[in-house]
Amino acid sequence: MGGFIGVAYHRLATPSPTVVTVAPPQAPLVTPAPAVPTPVAPRLTAVACPDGMVQGPGPRCAVLRVPSDRRRSNGPAVDLFVLTLPALASAPAADPVVVLSGGPGQGGSDDVRSAVAIFGAMRERRDVILVDQRGTGRSRPSLHCPALDPLRFWYGGVTAEDATGCLFPLRREGFRLESFDTGESASDLRDLRVALGVERWNVVATSYGGILAQALLRADGEAVRSLVLNSPAIPDATWLDFDRLTAIREAYRRLFADCAAQPACARAFPNLDGAVERIAAGLERQPLETRLRVPGSGRETAWRFDWPMVAATLSFRLGSAGGMAALPAQLDQLDRMVTGRQPVDERALAALLMPDLFWSVSDTLAYGLNLTIGCRENRPRIDAANARHAARELRPYVMAEAVETDYDAACPALALPPVENAFYRPVASEVPTLILTGVYDTLTVPARAEALKDTLRRAVVLPFRGVGHDVLGASLCARTLAARHVDLLGVGDAGDCPERFLPPVFETALPLAARP
């Protein structure tokens with residue numbers, strides 16, 4: 001799978017999105033003579049919030065209609081869904097917080113309950129605006145690919161036909177696929193700010209949202225009062241970069257050392273160092289076969305897990321927010337099953353290799369947007385064959401032949417032009433910026449995020465020792481610091497909270513659902 005999926009393990013399953021549409025004008029009784037299409041002007045329309053979407057006082061929902069392609073005056077419109085969580089103060093500050101989600105392909109409204117928790121401190125004084133980026137969430141048109149099997153989404157097998165079947169219907173409706181990119185989304189945000197009557201706002205961006213935030217600094221930087229970059233991706237990074245793949249191996253080595261330093265973990269898993277090699281060798285001899293039950297439909301499907309597939313899942317768990325806390329126990333259990341010291345248990349394998357989180361992400365992610373952005377902005381930056389060859393020295397921790405295989409199939413079929421080189425140039429800015437990184441992050445390389453301070457000249461970087469990707473999702477301390485930064489344009493001595501320097505506390509027993 002490709003892209004920068006900014007997902008944390010705190011994520012809660014959400015119901016299927018409620019479609020919010022803007023009613024078209026009624027057809028006239030007499031067909032008029034052909035006329036030149038009227039250019040789409042940005043327009044914000046209040047709509048009812050979906051039932052049960054937000055608990056608490058007064059959420060506000062709206063749809064912002066914008067042109068799908070600002071280079072054409074007669075193209076179709078895009079409707080962006082916008083949800084505002086109102087400030088808890090009776091007299092809110094004039095500068096709200098706007099949240100830019102990850103993915104690419106996550107909508108701001110995909111997981112409102114988590115957003116309420118993460119941004120609770122910021123809501124004390126400011127409205128928090130959740131935006132479904134074009135193509136995502138409840139925005140229309142949707143670039144979700146509902147026909148795609150979630151197992152192939154996560155474990156490979158995406159074909160050119162999958163990509164074209166998802167996205168080519170948009171072309172028949174008059175949309176240009178290259179209009180669903182970071183640059184147009186940045187322009188959408190500028191139009192939203194103006195439509196809301198906001199002079200300046202504060203931007204909080206996670207993972208891919210960091211790329212969008214940097215594009216917004218180019219398009220509308222004067223209106224950005226403060227910036228929080230939470231495990232940010234950068235425009236010229238791909239999942240096949242050697243430093244990103246090396247970070248996976250180093251995170252494993254850190255995991256083994258941290259477990260050995262904790263008496264309970266060391267006692268429970270004395271042979272953890274070497275587990276990856278044993279699991280890889282076992283699965284190369286004999287892949288694991290199991291049956292998985294699809295949530296919702298109850299459909300059962302047989303699936304065969306080889307080492308490249310399992311390696312991709314384990315590296316995702318290793319680097320996702322607090323996902324590494326359970327990984328020693330999961331590695332030990334998998335090691336026992338693969339080497340025959342424990343019977344293979346389908347329920348345990350399902351919990352390990354296809355947890356509820358994976359299903360919920362594929363239910364909500366606008367995977368078509370992940371493809372359009374990946375094929376325009378990521379894949380042109382790297383020679384995939386050479387990158388995979390260079391990564392052979394990282395085996396078995398990294399199996400690069402299983403990374404971004406969906407882009408291998410989709411990008412030639414979609415034939416999208418690459419973005420201009422200016423997209424990749426670092427953005428120079430004086431906006432006060434807080435950059436949060438997790439030392440265990442295997443999705444976006446912390447060192448690259450930290451290098452942003454070279455051009456974001458008022459940036460402060462705070463690494464978190466026991467956290468992976470999505471620091472805000474994993475750390476209460478980080479949420480407090482981010483709110484403080486938005487309030488005071490700095491964190492001061494509060495940035496030295498003890499939580500930043502502590503390694504993960506590892507679980508030594510798996511939940512009952514994952515036990516044989």
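Attention here is on the structure that accompanies the text. Quantities reported herein were computed from a predicted structural model and do not represent experimental measurements.

Conventions we followed
Residues numbered from 1 in each chain as written. Predicted model: local features only at pLDDT ≥ 70, side-chain atom pairs only at ≥ 80, totals over all residues. Heavy atoms only, no water. Core = buried A, V, L, I, M, F, W, Y, C linked by side-chain atoms within 4.5 Å. Buried < 20%, exposed > 50% of the residue type's maximum accessible area, 1.4 Å probe, protein only. Contact = heavy atoms within 4.5 Å. Disulfide = S-S within 2.5 Å. Helix = DSSP H or I, 4+ residues; strand = E, 2+ residues; numbered from the N terminus. Pairing = 2+ DSSP bridges. Axes fitted to C-alpha atoms, helices over the stretch in contact; angles between N-to-C directions. Salt bridge = Lys/Arg side-chain N within 4 Å of Asp/Glu carboxyl O. Expected span 1.5 Å × (residues − 1). Polar contact = N/O pair within 3.5 Å; in protein donor to acceptor, adjacent residues only side chain to side chain.

## Regarding the nonpolar core
Judged by nonpolar contacts, the single largest core of 125 residues is most densely connected at Tyr155, Tyr252, Trp307, Leu331 and Leu334. Leu334 has contacts with Ile279, Leu288, Val310, Leu314, Leu349 and Leu352, leaving out every residue within four places of it along the chain. Counting residues in hydrophobic clusters, the runner-up holds 32 residues, among them Val54, Val204, Leu434 and Cys477.

## A word on the state of the cysteines
Under the definition given, this model contains 5 disulfides. Linked covalently through their sulfurs, Cys49 and Cys61 form a disulfide whose S-S length is 2.1 Å. Disulfide Cys49-Cys61: torsion about the S-S bond near 110 degrees, hence right-handed. Remark: Cys61 occurs in strand 2 (residues 60-67) and Cys49 occurs in the loop between strand 1 (43-47) and strand 2; sequence separation between them is 12 residues. With a relative accessible area of 5%, Cys61 lands in the buried category. Covalent S-S linkage joins Cys477 and Cys497, the inter-sulfur distance amounting to 1.9 Å.

## Some thoughts on the environment of Pro503
With respect to the element layout, Pro503 can be found in the segment after helix 18 (476-488). Between the C-alpha atoms of Pro503 and Ala186, which are 317 residues apart in sequence, the distance is 37 Å. Dropping the residues within four chain positions of it, Pro503 is found in contact with Asp258, Gln262, Arg465 and Gly466.

## Here's the deal with the pairing of strand 8 (residues 288-293)
Covered by surrounding structure in strand 8 are Leu288, Thr290 and Leu292 only, the residues Glu289, Arg291 and Arg293 on the alternate face being uncovered. One ladder, built from 6 bridges, connects strand 8 with strand 9 (residues 300-305); its direction is antiparallel. In the strand pairing of strand 9, Glu289 is matched with Arg304.

## Some details on unusual backbone geometry
Cis rather than trans, the peptide bond between Gly103 and Pro104 has omega equal to -5 degrees. Tracing the backbone through its elements, the reader meets Pro104 in the loop between strand 4 (97-100) and helix 1 (112-118). Backbone torsion omega between Arg140 and Pro141 reads 5 degrees, so that peptide bond is classified as cis. Its location among the elements puts Pro141 in the loop between strand 5 (128-131) and helix 2 (150-155). You will see that Ala321, though not glycine, has its phi angle at about 50 degrees, which is positive. Here Ala321 lies in the loop between helix 9 (307-319) and helix 10 (327-338). Of note, Ala415 is a non-glycine position whose phi angle comes to about 50 degrees, a positive value.

## Quick word on the sheet that holds strand 1
Strand order in the open sheet formed by 9 strands is 1-2-3-5-4-6-7-10-11, with mixed pairing between adjacent strands. Bordering the open sheet on either side are strand 1 and strand 11 (459-464), each of which pairs with just one other strand. Recorded for the sheet is a direction-independent mean angle of 20 degrees between the axes of neighbouring strands. Taken strand by strand, helix 4 (residues 182-196) contacts strand 1, strand 2, strand 3 (77-85), strand 4, strand 5 and strand 6 (201-206), and its axis lies near 125 degrees from that of strand 2.

## Observations regarding the pattern of salt bridges
A full pass over the atoms with the stated rule returns 34 salt bridges. Here Asp188 and Arg70 are joined by a salt bridge, their closest N and O atoms 2.8 Å apart. Placement of Asp188 in helix 4 and of Arg70 in the loop between strand 2 and strand 3 is noted, with a sequence separation of 118 residues between them. Under the relative-accessibility criterion, Asp188 is labelled buried at 3%. Across the pair Glu289 and Arg304 runs a salt bridge, and its minimum N-O distance is 3.5 Å.

## Side note on helix 18
Taking 1.5 Å per residue, 13 residues should reach 18 Å; helix 18 reaches 18 Å between its end C-alpha atoms and fits that length. Residues Cys477, Ala478, Arg479, Leu481, Ala482, Ala483, His485 and Val486 constitute the buried set of helix 18. Its side-chain oxygen placed 3.3 Å from the backbone nitrogen of Cys477, Ser475 serves as the N-cap of helix 18.

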